[in-house]
Amino acid sequence: MTAPHAEERQIDRLLTIMRRLRDPQNGCPWDIAQTPQTIAPFAIEEAYEVMDAIARADHDALPDELGDLLLQVVFQAQMAQEAGQFDFNDVARTIADKMERRHPHIFSPGAERGNWENIKETERRGRAEFGALAGIAASLPALSRAAKICSRAERVGFDWDDAQGVFQAVKGEIAELEAEMGGDPDRIEDELGDVLFTVASLARKMNIDPEAALRRSNAKFTRRFEAMEAALAQDGKTMPEQDLPTLEALWKAVKKQPGMG
């Protein structure tokens, strides 16, 4: 771990590197060609790679992944500075001001602890964002956004009483989906969306992050599927060569193996 002053020098170094990469005369052609819109998707990708390193407790990879995410902030700030909009110092100042504002009991001696959500609602009103659902980013992963929408609705009293109520709603939505099977594809998509939305609400009601739950299931399926492929490869076989009953039997066998739960 480096000393604080050394860390400050490194952020200055990173900002200088970014300026050089964007220099119109001597910079990197790829970096020069980028716009806020073209690199925006990378921020999402880098954030998920940070999450992956944390989930794997990969402390060697985490600094590198966090650095990639930080680069996206620096890149956007540099382009904004070139456009005369704001710079990196404005970004840092804005988040520092926000943290102090949202923790009055820490940074304002004698102040009472503020309600985090009430403070955020005041901030949204200051930005002319009105309504319980204001400020929820449309670019959030759909399951996460669904859970956040339902959480906001709960704060104003529009919610089921308990998880059992949501569970019954899930079953009702599945029945509606089943009734549409074989019919209009648009109706099927609409009903399937309702199922997923209500499942996200059930997860929230049970204090479960639906994105985390789905990532866990994705990882579990991947482990089991790859174990099936490995088992077949040992006998010189491949999955496309097998019929479905054989694959189902192998799937059940793999599920019983240690670490496949």
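Residues numbered from 1 in each chain as written. Predicted model: local features only at pLDDT ≥ 70, side-chain atom pairs only at ≥ 80, totals over all residues. Heavy atoms only, no water.

Visitor: Looking at this structure, I do not really get the overall build of the protein. What am I missing?
Guide: Across its full length, the protein carries 12 helices and zero strands. For the protein, the succession of helices and strands along the chain, N to C, is α-α-α-α-α-α-α-α-α-α-α-α. Burial statistics for the protein: of 261 residues in total, 25% are counted as buried. Contacts spanning at least 24 positions in sequence make up 48% of the contacts within the protein whose residues lie at least 6 apart. Of the roughly 17800 Å² of accessible surface on the protein, a fraction of 57% belongs to carbon and sulfur atoms. (Helix = DSSP H or I, 4+ residues; strand = E, 2+ residues; numbered from the N terminus. Buried < 20%, exposed > 50% of the residue type's maximum accessible area, 1.4 Å probe, protein only. Contact = heavy atoms within 4.5 Å. Areas by Shrake-Rupley, 256 points an atom, 1.4 Å probe, with all protein chains shown as cover.)

Visitor: Looking at this structure, I do not really get the pattern of salt bridges. What am I missing?
Guide: For side chains of opposite charge, pairing can occur when their charged atoms come near one another. Here the structure, examined in full by the defined rule, presents 11 salt bridges. Of the charged contacts in the structure, one is a salt bridge between Asp159 and Arg204, with a shortest N-O distance of 3.0 Å. Here the residue Asp159 occupies a position in the loop between helix H8 (142–155) and helix H9 (163–180), and Arg204 occupies one in helix H10 (residues 185–205), the gap between them amounting to 45 residues. Overall, the relative accessible area of 25% leaves Asp159 in the partly exposed class. Here Asp159 and Lys205 are joined by a salt bridge, their closest N and O atoms 2.6 Å apart. Residue Asp159 is found in the loop between H8 and H9, and its partner Lys205 is found in helix H10; the two are separated by 46 residues along the sequence. Because the salt bridges share partners, they merge into one network encompassing Glu154, Asp159, Arg204 and Lys205. (Salt bridge = Lys/Arg side-chain N within 4 Å of Asp/Glu carboxyl O.)

Visitor: Is there a simple way to explain the packing of aromatic side chains in this structure?
Guide: Counting across every chain of the model gives three aromatic pairs. On the basis of an interplanar angle of 70° and a centroid distance of 6.3 Å, the ring pair of Trp30 and Phe42 is categorised as edge-to-face. Here the residue Trp30 occupies a position in helix H2 (residues 29–33), and Phe42 occupies one in helix H3 (residues 36–55), the gap between them amounting to 12 residues. The class for Phe42 is partly exposed, based on a relative accessible area of 31%. (Phe/Tyr/Trp six-rings, centres within 6.5 Å; stacked < 30°, edge-to-face > 60°.)

Visitor: What should I look at first to understand unusual backbone geometry in this one?
Guide: Note: most residues except glycine have negative phi, and most peptide bonds are trans. With a phi angle near 50°, Ala57 is a residue other than glycine that sits in the positive phi range. Positioned with a positive phi, Asn207 is a non-glycine residue whose angle comes to about 60°. Mapping Asn207 onto the fold places it in the loop between H10 and helix H11 (210–234).

Visitor: Which parts of the structure should I look at to understand the environment of Ala147?
Guide: Looking at the element boundaries, Ala147 is found in helix H8. Judged by its relative accessible area of 11%, Ala147 is buried. Along the sequence, Ala147 and Thr198 sit 51 residues apart, while their C-alpha atoms lie 8.9 Å from each other. Apart from the residues lying within four places of it in its own chain, the contact partners of Ala147 are Ala200, Arg204 and Pro210.

Visitor: Even after reading the chapter, I still don't get the nonpolar core, so can you show me in this structure?
Guide: Nonpolar side chains tend to gather and get buried jointly when the protein is soluble and globular. Membership of the largest hydrophobic core is limited to nine residues, which are Leu14, Leu15, Met18, Ile39, Val74, Phe75, Ala77, Met79 and Phe88. Secondary structure elements with two or more residues in this core: helix H1 (4–21) and helix H4 (62–82). Per-element accounting of this core gives the leading share, four residues, to H4. Apart from residues lying up to four places away in sequence, Met18 is in contact with Asp31, Leu71, Val74, Phe75 and Gln78. Core analysis: the second largest hydrophobic core is formed by eight residues, Met228, Leu232, Leu247 and Leu250 among them. (Core = buried A, V, L, I, M, F, W, Y, C linked by side-chain atoms within 4.5 Å.)

Visitor: What am I meant to see in the environment of Pro36 here?
Guide: Residue placement: Pro36 occurs in helix H3. Judged by relative accessible area, which is 38%, Pro36 ranks as partly exposed. With 42 residues separating them in the primary sequence, Pro36 and Gln78 have C-alpha atoms 9.9 Å apart. Leaving out residues up to four positions away in the same chain, Pro36 has contacts with Gln76 and Met79.

Visitor: Looking at this structure, how should I read the side chain of Arg22?
Guide: Inspection of the secondary structure assignment puts Arg22 in the loop between H1 and H2. You can call Arg22 buried: its relative accessible area is 11%. Those residues in contact with Arg22 that sit more than four places away from it in its chain are Asp31, Ile32, Gln34, Phe75, Gln78, Met79 and Glu82.

Visitor: What should I look at first to understand H3 in this one?
Guide: Working note: α-helix, 3.6 residues per turn, so residues spaced by three or four point in the same direction. In this model, H3 (20 residues) spans 29 Å end to end at C-alpha, consistent with the 28 Å of a helix rising 1.5 Å per residue. Of all the residues in H3, the buried ones are Ile39, Glu46, Val50 and Ala53. On an axial view of H3, the arc spanned by its buried residues comes to 65°, and they lie on one face. In H3, those exposed residues whose orientation departs by more than 90 degrees from the buried face are Gln37 and Ala55. Remark: Ala57 follows H3 within two positions and exhibits a positive phi of approximately 50°. (Expected span 1.5 Å × (residues − 1). Arc of directions from axis to C-beta.)

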